[in-house]
Amino acid sequence: MAASSSIFTFSSQATLHSLPHRNTILTKTQFPVPTKSSESNFFGLRLSPSTSLSPLSPRSFKSCVFAKVNKGQTAPDFTLKDQNGKPVSLKKYKGKPVIVYFYPADETPGCTKQACAFRDSYEKFKKAGAEVIGISGDDSASHKAFASKYKLPYTLLSDEGNKVRKDWGVPGDLFGALPGRQTYVLDKNGVVQLIYNNQFQPEKHIDETLKFLKAA
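Conventions used here
- Residue numbers here run from 1 along each chain, matching the order of that chain's written sequence.
- Owing to the predicted nature of the model, reporting of local features is limited to residues with pLDDT of at least 70; listing and counting of side-chain atom pairs is limited to 80 or more, with chain, interface and lining totals taken over all residues.
- To obtain the side-chain values, all non-hydrogen atoms of the structure were used and water was disregarded.
- UniProt positions are given in the numbering used here, feature names are shortened, and annotations may be inferred rather than shown by experiment.
- Numbering goes from the N terminus for both helices and strands, where a helix is a DSSP run of H or I of at least four residues and a strand is a run of E of at least two.
- The contact criterion used is simple: two residues touch if any of their non-hydrogen atoms lie within 4.5 Å.
- The protein chains shown are the only cover counted for residues, whose accessible areas, like all others here, come from Shrake-Rupley with a 1.4 Å probe.
- Only protein chains enter the accessibility calculation, which uses a 1.4 Å probe; a residue whose area is less than 20% of its type maximum is buried, one above 50% is exposed, and one in between is partly exposed.
- Counting of polar contacts relies on pairs of N or O atoms within 3.5 Å, with two restrictions inside protein: one atom must be capable of donating a hydrogen and the other of accepting it, and residues adjacent in sequence are counted only when both atoms are side-chain atoms.
- Ring pairs shown here join Phe, Tyr and Trp side chains whose ring centres sit within 6.5 Å, with only the six-membered ring taken for Trp; geometry is labelled stacked below 30 degrees between planes, edge-to-face above 60, and tilted in between.
- Here the arc refers to the set of directions running from the helix axis out to each C-beta atom.
- In the sections that follow, a salt bridge refers to a side-chain nitrogen of Lys or Arg positioned within 4 Å of a carboxyl oxygen of Asp or Glu.

- Per an unreviewed UniProt entry, the protein goes by the name Peroxiredoxin Q, chloroplastic and belongs to Brassica carinata.
- One UniProt comment on the protein, placed under Sequence similarities (unreviewed entry), says "Belongs to the peroxiredoxin family. BCP/PrxQ subfamily."

## Here we look at the overall build of the protein
- Looking only at helices and strands, one finds six helices and ten strands in the protein.
- For the protein, the share of sequence-separated contacts (at least 6 apart) that also reach a separation of at least 24 residues comes to 71%.
- Only carbon and sulfur atoms are counted for the fraction: they give 52% of the accessible area of the protein, which is about 11700 Å².

## Quick notes on the side chain of Gln 182
- Looking at the element boundaries, Gln 182 is found in strand β9 (residues 182-186).
- Residue classification places Gln 182 among the buried positions, given a relative accessible area of 4%.
- Engagement of the side chain of Gln 182 in a polar contact is seen with the side chain of Asn 197, the distance being 2.7 Å.
- If we ignore the near neighbours within four places in the chain, the residues touching Gln 182 are Val 100, Tyr 101, Phe 102, Val 170, Pro 171, Ile 195, Tyr 196, Asn 197 and His 205.

## Points about the packing of aromatic side chains
- By the definition in use, this model includes twelve aromatic pairs.
- Grouping aromatic residues by their ring pairs yields a cluster made of Tyr 101, Tyr 103, Phe 118, Tyr 122, Phe 125, Phe 146, Tyr 150 and Tyr 154.

## Topic: helix α4 (residues 140-150)
- Looking at α4, one finds that the buried residues are Ser 140, His 143, Phe 146, Ala 147 and Tyr 150. In an axial view of α4, the angular spread of the buried residues amounts to 125°, which keeps them on one side of the axis. In α4, the exposed positions angled more than 90 degrees off the buried face are occupied by Ala 141, Lys 144 and Ser 148.
- Looking at the buried positions of α4, the neighbouring elements they touch are β4 (79-82), α2 (109-120), β7 (131-136) and β8 (155-158).

## What to know about the pattern of salt bridges
- Inspection of every chain in the model, using the stated rule, returns six salt bridges.
- Across the pair Glu 208 and Lys 204 runs a salt bridge whose closest N-O atoms are separated by 3.3 Å. Here Glu 208 and its partner Lys 204 are both found in helix α6 (residues 204-215), four residues apart, which amounts to about one turn of the helix.
- Members of the salt-bridge network, linked through shared partners, are Lys 204, Glu 208 and Lys 211.

Written as structure tokens, this is what we have:
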């Protein structure tokens, strides 16, 4: 992969721990749709002609591979600011299923598709009694603009410095150069029941979480 080129070839791999699949039919709603960014973006990695991807040390590579939060474990609590600058704690949602999805960045093509897909299926998540929370390293002002532009009805949390991402052990892609895209489904007791990782098919996160909730 040449660092000076904006054309890349990747292989993608999805990891899924869930119950047997069932077909899910999604309905479409008219909302603003993503437009092409003036930047060179690839699913959440902002690139420029001068972008270089430095190799990771063995220690940092190890931190990108081994998850700290696994299926069957109680998810660690956190408190982060939402798109309105108000602190929100995960424990606030105890008593109902919660979808926590980590994504690379606001306004990148893949992340916008994923955010809008969660928006379009939000009523289905509500019908299942579940809450949706999106987390990235963007600040609250960025989240507010992103949520307003695409009419996102759910909470976006600002993990500046990526502390929560690191605490949860969300694996990165491209040897850590690209923040990981990983979704967790927590039950009403805060126990992780599903972990889904798929960087290059962002809308699949919605399909798989809905399938799981319907089968649970």
